[in-house]
Amino acid sequence: MIFRLRTVETTAQGREIVRDRDVTAERITLGRSADNTLHLPDLALDPYHAAITASGGRIAIEALGSPDFTLDGRQVSEGTIDPQAGGELRFGSYRIAVSEAEDAAVLLTIGQIAEASGTSEEKSGFSLAGRMPGKRAMSWLLALAILAAFLVLPIVSQMARDPAAKQGVLGDAAWSSGPLSQAHHQLEGKCEACHVKPFEAVRDTACLTCHKDVHEHAAPTRLANARGPDGLGDRLQWQIAHLFGKPGPGACSDCHSEHQGAGRMPPPQQAFCADCHGSLKDRLPDTALGNAADFGKVHPEFRPALALTAGSDRLTRVSLAEHPREANGLTFTHDQHLDPRGGVAQMALRLGMGSGGLGCAACHHPTADGVRFLPIDMERDCEGCHSLAYDKVGGTFRRLKHGDTDQMIADLSVAPRASSPIVTGRRRPGDYANGGTYFARFTPPGGGIGSVAQALSRDGICGECHTPRLAGGRFSVVPVTQTTRYFNHGWFNHAAHKEEKCTSCHAADRSNLATDLLLPDLKSCRSCHLGEEAPRAKVPSTCAMCHDYHLKPLAPRGVEPRRKR
Amino acid sequence: MASAPRPSRQTARQLTADHEGFLRHRNFRWLKHAGALCVVAILAYTLIDVSPRPNGGTWLGYTLGTVGLVLIVWLSLLGVRKRTMTRGAWSLKAWTSAHVYLGLALIVIATLHTGFEFGWNVHTLGYALMLLVIASGLFGVVVYSVLPAALSNNREQMTQPQMVEALSAVDRQLQSAAQPLDPHWAGQVLAALGEGAFAGGLWSRLAGGKHGSATQQAIAAFDLASTEEAADPALVRVEALLQRRAAQLARMRRHMRLKALLEVWLYVHVPATFALIAALTAHVISVFYYW
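Bear in mind the structure is a predicted one, so any value in this text is a computation, not a measurement.

I would appreciate a short explanation of the overall build of chain B in the present structure.
Helices and strands together make up the secondary structure of chain B, namely twelve helices and zero strands. What you see in chain B, going N to C, is helices and strands ordered as α-α-α-α-α-α-α-α-α-α-α-α. Its C-alpha atoms give chain B a radius of gyration of 28 Å, more than 25% over the compact-globule value 19 Å for 291 residues. Counting only C-alpha atoms, chain B reaches 90 × 75 × 30 Å along its principal axes.

What should I look at first to understand helix H2 (residues 25–47) of chain B in this one?
Given 3.6 residues per helical turn, the α-helix brings residues three or four places apart onto the same face. An ideal rise of 1.5 Å per residue puts 33 Å on 23 residues; H2(B) measures up with 33 Å between its terminal C-alpha atoms. Buried residues along H2(B) sit against helix H3 (59–76) and helix H5 (92–114) of chain B.

In this structure, what is going on with the interface of chain A and chain B? I would like to understand it.
A common way to report how large an interface is uses the accessible area buried once the components associate. At the interface, 63 residues of chain A touch 57 residues of chain B. A buried area of about 5,400 Å², summed over both sides, lies between chain A and chain B, and 61% of it is on carbon and sulfur atoms. Summed over the three residues of chain A that lose the most area to chain B, namely A:Phe126, A:Leu128 and A:Trp175, the buried surface amounts to 15% of that side. At the boundary of chain A and chain B, one finds four salt bridges.

Sorry if this is basic, but what is going on with the sheet that holds strand E9 (residues 78–81) of chain A here?
Strands in a sheet are paired, the pairing made by backbone hydrogen bonds, and the direction either parallel or antiparallel. All names here are of chain A. Sheet architecture is open: five strands sit in the order E4-E3-E5-E6-E9, paired in mixed fashion. Each of the sheet's edge strands pairs with one partner strand only, and the pair in question is strand E4 (38–39) and E9. Here two bridges tie strand E3 (residues 27–31) to E4, and the two strands are oriented parallel to one another. Bridging from a neighbouring strand, Gly31 pairs with His39 of E4.

So what exactly am I meant to see when it comes to the packing of aromatic side chains here?
For any pair of aromatic rings, the description consists of the separation of the ring centres together with the inter-plane angle of the planes. Tallied over the full model, the rule gives 18 aromatic pairs over all chains. Judged by centre distance (5.5 Å) and plane angle (65 degrees), the ring pair of A:Phe302 and A:Phe487 falls under edge-to-face. Here A:Phe487 lies in the loop between strand E18 (474–477) and helix H14 (522–526) and A:Phe302 lies in the loop between helix H8 (280–283) and strand E13 (305–307), a separation of 185 residues in the sequence. Here B:Tyr62 and B:Trp291 contribute two aromatic rings whose centre-to-centre distance is 6.0 Å and whose plane-to-plane angle is 65 degrees, an arrangement assigned as edge-to-face. With B:Tyr62 in helix H3 and B:Trp291 in the segment after helix H12 (233–289), the pair connects residues that are 229 residues apart, well separated along the chain.

Help me out: how do you make sense of the pairing of strand E15 (residues 389–393) of chain A in this one?
Strand residues, when the strand is regular, have side chains that alternate between the two faces of the sheet. Residues and elements named next belong to chain A. Pairing of E15 with strand E16 (residues 396–399), which is carried by four bridges, proceeds in the antiparallel orientation. The partner of Asp391 across the bridge, within E16, is Arg398. Here E15 folds back onto E16, and the loop between the two strands holds two residues, one of which, Gly394, carries a positive phi near 65 degrees.

Basis of the calculations
Residues numbered from 1 in each chain as written. Chains lettered and ligands numbered in written order. Predicted model: local features only at pLDDT ≥ 70, side-chain atom pairs only at ≥ 80, totals over all residues. Heavy atoms only, no water. Helix = DSSP H or I, 4+ residues; strand = E, 2+ residues; numbered from the N terminus. Rg over C-alpha atoms; globule rule 2.2 N^0.38 Å. Expected span 1.5 Å × (residues − 1). Contact = heavy atoms within 4.5 Å. Buried area = accessible area lost by both parts, 1.4 Å probe. Salt bridge = Lys/Arg side-chain N within 4 Å of Asp/Glu carboxyl O. Pairing = 2+ DSSP bridges. Phe/Tyr/Trp six-rings, centres within 6.5 Å; stacked < 30°, edge-to-face > 60°.

Okay, here's the thing in structure tokens:
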């Protein structure tokens, strides 16, 4: 086998000098030692570095010592080359291209390569570093952009603005932690309206700018005394809160949290009330209020305001536990009117009001908002049955003036003693008719409404409903007191309870005394309403469902404006 | 009485140290710590009734937020810490292990801090950036545990400069082997030689190089050579060299793809961390500015 060793050297002028040397051998060696077939003077090589053997059309290369060499760029200690395909060996700084010459000799082209062929570039080429914008540059760019847009812009705008000109603050919408409640919706985007001073928590003064006439819950000193005993955790929380400049306790924002989402601001939880009211008696011994912490568990019996003396305007608050009687001045009884089989029911039937007696709605009319009931109006609610007509002139009835005793007395004094009942304009049928065989006078012996004394007697027309009285030699009736709202510090909405029958709360069908107070008691309400977290409550009821902290006469915060169906 | 031979303490410890990556460090010590932190946070969130509703503005919210802030600042300090490798209890490996698991715990802490209230504001921006950082970090953890084996298999003992050198070796042989070819074939070879390994941007790197490259096209052209041309040994040799070139290019591109996957997440992780710290600064200052 012929090995053709071809050396290529370049002259200083760049001319290549090619020298060929043919060696006939099966095996040649190469290395740093001069007695090798191929002498490669490189200190990086062993004296006898490798052997090249040609056999069976293939060229085998093996390292003789431990050091290896490079075959086609790969570090190996032995390898073979098909001379037709060719290959490249590298020993230290020498490169040997192996191929086949035209005459089937093995051609070894030896060249020396300059070191440092830009390895750093080759290394970095594999990395992404050159292909991407630098991490550091991207980091700073992003960070500065965010700081500029979300921090510097709002602060500079806030500091530079002219409060008198009502200028807004640029970019502070991104600071909002959530939408404002429905009532404060108009303040959306006007952060500076409440957040008046930088780094100062929202003060009550900001709230009072608009809420000018909000009612104080109680005198500040009493409030301070009433405040519940703080636990260790609470005290620590307040210390930290004060450290950060939070106002309170007792600040508006303690109960009214904003930025909790659009819609109604949620009513305060009962704990806000129970903190003080749960054990109020301990700290304010002179309070008239009973302890209240949870409607289902700790709540005093209701104390409605009602008239205890007939004819007096003065309303007194009495606990239902004392079974008070209401002196409204009437002699009216509910059970008589509601009896489905009694005389009243018969009359109602005849007047076309349906069978089964009068319903509550026959006399009691709700207010426009459905919350309460209008006071009973004689002309509208009673006179359909309890007629005050006493004379008929042509087609016109003369009737007594209700509510004016003197006028009534005057009218009655000159009234004709009617010989036949004029209460109804109808004739009796057949032989019972006027002039018939069986006609009889159906009026009382006195005739008509009778005399003033008769009318104002217990059995007279006035006495049907009123308590007559004789004062200072004058006949009159006891003035009627109609209470439309018994609970002035609590809220009750009849409309919200319209699924219930009236009698499930008001025992009117069993009341046979006008002085019966038909208000349901605490126990009755508790059959549906229990405290905020009572597990078996049909209606979990917080304090705010009936009570308002700021003591306004309208519906408290806890009442849903409209019941969802 | 012969005692059974057993490895000395020293050897046992060395073995553990050798086989334990940052994920399994000290038998998942930091996974346990981070898990405990999450459990405490979840219990606090579910059991403590804050008013009016849980969010960043309650005392629990401020507490969770402070924990989260401290964690984020500490986690970002890995960028400084990693530049000094040390051993022992506060080794870089322990630090990295804690970085991974506490970083994952941050998902729980920060989400509870938000009280599940999100909006188009700087606060949610910070949260989103934090999730981006964590997601990219998670990607990094996964590729670091999966890809090095594939990278090593693909390299087949070659170093990066050797790969470059191997390609150059094939190229030089192609240069000389293609000398006898006529201009049509020489043009194909020249076009193939013009195709470097390092071309292509991020996406082509992640996709593992282009298909239908110049070398592949040249091979396809050589495959179409007529029978007489195919008898030319020079042509056969050049085609074999082109095949080798294509194989070497494919190896290098696989290598670069794996390397790109190993590196690319940091291009999200690091800038997003800086953005997160900026958003967090704005978040905290804005809260107190409009206190």
